[in-house]
Amino acid sequence: MGLYSRLVVPRPLPCPRCGSQTDLVIQFHFGSKRMQNFSTGSAIDWSGRTEGSPRSGRFGVVGYPEPCPSCGRDDDTLCVVEFDGDEIVGYRAATEEGMREFEW
Ligand SMILES: [Zn+2]
């Protein structure tokens, strides 16, 4: 299993299949690879083995939403986890156009 970090956020809409309102978990590969859970407003760290390198200003990294924990529904969309320096400031759905910024 690859190592990644997890951003845990309130689910914006209940699961369309089962109505679950459990938190949404978005996996991303940036910073320490320690399987940590983060919420919006927390900062990632750079200890141990890392992915990428620290950046300043606002930028996004690709995020992979986990399937619904109740029914397993996986809607196959990608997210952008938004950073300001080391701080996670939010996330948004990824658009095809927006994915070009990840070629780094
Ligand atoms: Zn569900």
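The preceding data block contains the structure.
Residues numbered from 1 in each chain as written. Predicted model: local features only at pLDDT ≥ 70, side-chain atom pairs only at ≥ 80, totals over all residues.

A few points about the overall build of the protein chain
Regarding its fold elements, the protein chain presents 0 helices and 8 strands. Secondary structure elements in the protein chain, listed N-terminal to C-terminal, are β-β-β-β-β-β-β-β. Residue burial in the protein chain is summarised as follows: out of 104 residues, 17% are buried. (Helix = DSSP H or I, 4+ residues; strand = E, 2+ residues; numbered from the N terminus. Buried ≥ 20, exposed ≤ 12 C-beta atoms within 10 Å, placed from the backbone.)

Quick word on the sheet that holds strand 4 (residues 37-38)
Ordered by their spatial adjacency, 6 strands build an open sheet running 4-1-2-6-7-8, and the pairing between neighbours is mixed. The open sheet has two edge strands, strand 4 and strand 8 (87-93), and neither has a second partner. The pairing of strand 2 (residues 24-28) with strand 6 (residues 58-65) spans 3 bridges and is antiparallel. Within strand 6, the residue paired with Phe28 across the bridge is Gly63. (Pairing = 2+ DSSP bridges.)

Regarding the pairing of strand 7 (residues 79-84)
Where strand 6 meets strand 7, 6 bridges bridge the pair, whose relative direction is antiparallel. Following the sheet pairing, Phe59 is matched in strand 7 by Phe83. Direction of pairing for strand 7 relative to strand 8: antiparallel, over a ladder of 6 bridges. Paired with Asp84 across the two strands is Glu87, which belongs to strand 8.

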